[in-house]
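Observations on the three-dimensional arrangement
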Amino acid sequence: MIVTKAPQTDQDRLKAIFQSITAESCPHTYNFHLHTIHSDGRLEPQQLVQQAIDTGITSLAITDHHSVGGYWRALELLQSQPPDSASSLPHLWTGIEITSRLLETQVHILGYGFDPHHGALQPYLVGSAPSGHQAQANQVINTLHAAGGLAVLAHPARYRRSVKELVNAAVQAGIDGIETFYCYGNNDPWEPSPSQTQTLMRLADQHSLLQTCGTDTHGLDIRRRL
């Protein structure tokens, strides 16, 4: 009897990356929180991708607010590279950051690896924050899942509710992961904030959550936030 292994999906590959991330992964190997001029960043998508190539990043996501315009422009640049350079290019995942409501608090939910053409996702790609029912965290998470993606709570220690409360509520809403490794002080060089990282690692382990990292770049250097 021949046993064949089920094909690995894009979501499986992305989960495997998130499961491998440590405090040292960002910003030189992975970067899953980046902004361009297609929302509130200063970099052209092509500039961002060129920096990723120059610094040797292997996987990244452009997470513009309520837009995938930067993703498409960055993808064009990667696809225009010579075929013999393909093995050295970073993998660009679909990404987005959506303003949401959780425990009556405004939070941001990051989406990764989704189908940007999926119909349910279109109301979140109009360049402005959703409102009403569409803004509720569980609805945002469900929509990202319907589009084949993963949902991650961005920078959980930046909000007005306690980290534990928000992570617990996000878990109840169906979240897949949390942005564990984040530089809350905008340090130079970038590094995850130690105390928040330890708290978030414990919560992630407690709830079996994926853990991500990203510089949340809004400026001209993908190795920093501003």
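The structure we're discussing is the one just above.
As a starting point, this report considers the structure included with it.

About the thresholds
- Residues numbered from 1 in each chain as written.
- Predicted model: local features only at pLDDT ≥ 70, side-chain atom pairs only at ≥ 80, totals over all residues.
- Heavy atoms only, no water.
- Pairing = 2+ DSSP bridges.
- Helix = DSSP H or I, 4+ residues; strand = E, 2+ residues; numbered from the N terminus.
- Axes fitted to C-alpha atoms, helices over the stretch in contact; angles between N-to-C directions.
- Contact = heavy atoms within 4.5 Å.
- Phe/Tyr/Trp six-rings, centres within 6.5 Å; stacked < 30°, edge-to-face > 60°.

1. Considering the sheet that holds strand β3 (residues 91-93)
Sheet architecture is open: three strands sit in the order β1-β2-β3, paired in parallel fashion. If you trace the sheet from one side to the other, it starts and ends with β1 (30-34) and β3, each paired once. Strand-to-strand, the axes of this sheet are offset by a mean angle of 20 degrees, without reference to chain direction. As paired elements, β1 and strand β2 (residues 59-62) share three bridges and run parallel to each other. If you follow L34 over to β2, its bridge partner there is I62. The strands that helix α1 (residues 10-20) touches are β1, β2 and β3; relative to β1, the one it contacts most, it runs at about 105 degrees.

2. Notes on the packing of aromatic side chains
Within this structure, the stated rule accounts for six aromatic pairs. Considering the side-chain rings of Y30 and F32, the 6.0 Å spacing of their centres and the 35 degrees angle between planes classify their relative orientation as tilted. Between Y71 and W72 the ring centres are 5.0 Å apart and the planes differ by 65 degrees, which places this aromatic pair in the edge-to-face class. An aromatic cluster of at least three residues, connected via ring pairs, comprises F18, Y30, F32 and Y112.

It is worth stressing that arrangement in space is one thing and function is another; only the former is reported here.
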